Amino acid sequence: MAIFQSADILIPQNVDFEKWSVVACDQYTSEREYWEDVKTIVGDSPSTLNIIFPEVYLEDGDGDERIKRINATMEEYLKKGIFRELKDTFIYVKRTQPNGKTRHGIVGKLDLEEYDFSKGSQSKIRATEGTIIERIPPRQRIRKNAPLEAPHILILIDDRGKTVVEPLEEKVNDFEKIYDFDLMKNSGHIVGYNVDEASKNEILSAIEKLGDKDAFESKYGVFDRGVLMFAAGDGNHSLATAKTCWEEIKKDLSEEEIATHPARFALVELMNIHDDTLEFEPIQRIIFDTEPKKLLDALVNHYNASYTNNGGQRIDYTYQGNEGSIYITETDSNLPVGTLQKFLDKYLNENGGKIDYIHGNDVVRSLAKNDNAIGFMVDSMEKNDLFTTVIKDGSLPRKTFSMGEAADKRFYLECKKIR
């Protein structure tokens, strides 16, 4: 069975697509005003806003009621005929970002039987960052009784020959265009095409070649390792939640039911890491409810760090208008973000405080002007190092990189039944 497959994909019909499609739930988590503005834009229109749980609201205390409303709205949308179902297909997606660059992907379903997010996994689908187990149960509660899923998961392939996604661009005039609209809040433009049967078979054939063990070992110079075909670029925890839910569901299924159950498969967008427009952005850290100077001093002392450039890993900091850099040579982490995260995990566990992960240095600087807050900024990793690092060293420190800024993130649009 192919790991990445065509799917029965639900597309809304007779809706205002700009109001239907909203950004991934794990964005703007410290900017409630963003999501309040989205609510105003959507109004009473059908929208994926009504079938997701933006994480900015996770601590509001109304989680159970919100989840009930989400599930009820999903059922309502299904009954009202909001969706048109495209059977057994891929969708070719062209997403023009606010910077004017256009990236390309294919929406299809991924077989969760081939995915293992545990440390040291050798599965064909792997996490690229450490999975925070505590983040799964809240998401599991949302997914448990949901009849639908809407993806914000971006899966990467290391297709240096550009054989899977890129050839579709030459054939778009032969495909049915199924959506074409501006994304809300100046987040760019998106176009989707229903891929024809011949192109579908070419996609599957090209992906199969990426899984060839001899070619894999030659490409990465590794032996006696599992073949890594698919790496979770964005939505690591959503994919881990889908896997966790599937493991529970399949306990009560026969072998025949396991083979075809819709929850076995997660709807994702597949992208080539070598897409010319794909850029890795750093994910920065901000700590609230802390004493900024005390935390900074503890970080410097912990690593015997220097405020002078000594050739070590650089970590920039900002709090209440103060900015500077520290340089660390005494660390066993290959990346500055790993060095920083190891310290913060220990410090916050012992001293309290709240951490958030932020896209954009300007946002970090703005939030760090508040009392009892400090922000940290690091440079991004090179995208071409991702597959080699995951193969040789395992998953990266959590929240190491982001594929673009917050406004570039995948917007919910297509859906798939999972019951």
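Basis of the calculations
Residues numbered from 1 in each chain as written. Predicted model: local features only at pLDDT ≥ 70, side-chain atom pairs only at ≥ 80, totals over all residues. Heavy atoms only, no water. Axes fitted to C-alpha atoms, helices over the stretch in contact; angles between N-to-C directions. Helix = DSSP H or I, 4+ residues; strand = E, 2+ residues; numbered from the N terminus. Left-handed = near helix turned anticlockwise from the far one by under 90°. Contact = heavy atoms within 4.5 Å. Nonpolar A, V, L, I, M, F, W, Y, C, P; charged D, E, K, R; others polar. Phe/Tyr/Trp six-rings, centres within 6.5 Å; stacked < 30°, edge-to-face > 60°. Buried < 20%, exposed > 50% of the residue type's maximum accessible area, 1.4 Å probe, protein only. Lys NZ or Arg CZ within 6 Å of the ring centre and 35° of its normal. Expected span 1.5 Å × (residues − 1). Arc of directions from axis to C-beta. Pairing = 2+ DSSP bridges. 1 Å grid on protein atoms, 1.4 Å probe; cavity = no way out; pocket = protein on both sides within 12 Å on 5 of 7 lines; lining within 4 Å. Points joined across faces, edges and corners; volume = space filled by probe spheres on them.

**Here we look at the packing of helix 4 (residues 136-144) against helix 7 (residues 236-249)**
Phase 1: Closest axis-to-axis distance for the helix 4/helix 7 pair is 9 Å, and the angle between their directions is 65°. For the crossing formed where helix 4 meets helix 7, the hand is right-handed. Of the residues in helix 7, those touching helix 4 at Ile136, Arg139, Gln140 and Arg143 are His237, Ser238, Ala240, Thr241, Ala242, Thr244, Cys245 and Glu248.
Phase 2: Looking at side-chain class alone, the contact of helix 4 with helix 7 contains 4 nonpolar, 5 polar and 3 charged residues.

**Some remarks on the packing of aromatic side chains**
Phase 1: Within this structure, the stated rule accounts for 15 aromatic pairs.
Phase 2: Arranged with centres 3.7 Å apart and planes meeting at 10°, the rings of tyrosine 28 and tyrosine 34 form a pair that is stacked. You'll find tyrosine 28 and tyrosine 34 in the same group, each marked buried.
Phase 3: Relative to tryptophan 35, the ring of tyrosine 34 has its centre 5.6 Å away and its plane inclined at 75°; by these criteria the two rings are edge-to-face.
Phase 4: Owing to a relative accessible area of 8%, tyrosine 34 belongs among the buried residues under this scheme.
Phase 5: Residue classification places tryptophan 35 among the buried positions, given a relative accessible area of 0%.
Phase 6: Its end group placed over the ring of phenylalanine 53, arginine 66 keeps NZ or CZ at 5.2 Å from the ring centre.
Phase 7: One residue, lysine 109, lies across the ring of phenylalanine 265, its end atom 4.3 Å from the ring centre.

**A few points about helix 3 (residues 63-79)**
Phase 1: Over its 17 residues, helix 3 runs 24 Å from end to end, which matches the ideal 24 Å to within 8%, given 1.5 Å per residue.
Phase 2: Of the residues making up helix 3, those classed as buried are Gly63, Arg66, Ile67, Ile70, Asn71, Thr73, Met74 and Tyr77. Within helix 3, the buried residues cover an arc of 160° as seen down the axis, which keeps them to one side. The outward face of helix 3, more than 90 degrees from its buried face, is lined by the exposed residues Lys68 and Lys79.
Phase 3: On its buried face, helix 3 is in contact with helix 1 (17-20), strand 3 (83-89), helix 4 and strand 7 (148-149).
Phase 4: Just beyond helix 3, the residue with positive phi is glycine 81, at close to 75°.

**Describing the pairing of strand 2 (residues 7-12)**
Phase 1: Of all 6 residues in strand 2, 5 are buried; the element is thus mostly enclosed.
Phase 2: Two elements, strand 2 and strand 3, share 5 bridges in a ladder whose sense is antiparallel. The residue bridging isoleucine 9 from the neighbouring strand is leucine 86, located in strand 3.

**A look at the layout of surface pockets**
Phase 1: Space inside the largest pocket adds up to approximately 1300 Å³.
Phase 2: Contributing to the lining of the largest pocket are 44 residues, with Asp26, Glu55, Leu58, Arg135 and Arg139 lying nearest its centre.
Phase 3: Only helix 4, strand 7, helix 7, strand 12 (265-272) and strand 16 (354-359) provide two or more residues apiece to the lining of the largest pocket.
Phase 4: By residue class, the composition of the lining of the largest pocket is 24 nonpolar, 6 polar and 14 charged.
Phase 5: The space that makes up the second largest pocket amounts to roughly 790 Å³.
Phase 6: Every residue lining the second largest pocket is counted, 33 residues in all, and those nearest its centre are Gly338, Ser395, Leu396, Pro397 and Arg398.

**Describing unusual backbone geometry**
Phase 1: Phi is positive for aspartate 88, close to 45°, though the residue is something other than glycine.
Phase 2: Tracing the backbone shows aspartate 88 in strand 3.
Phase 3: Aspartate 88 sits in the partly exposed class, given a relative accessible area of 41%.
Phase 4: If you check the backbone angles, asparagine 372 has positive phi at about 60° while not being a glycine.
Phase 5: With respect to the element layout, asparagine 372 can be found in the loop between helix 11 (361-367) and strand 17 (373-377).

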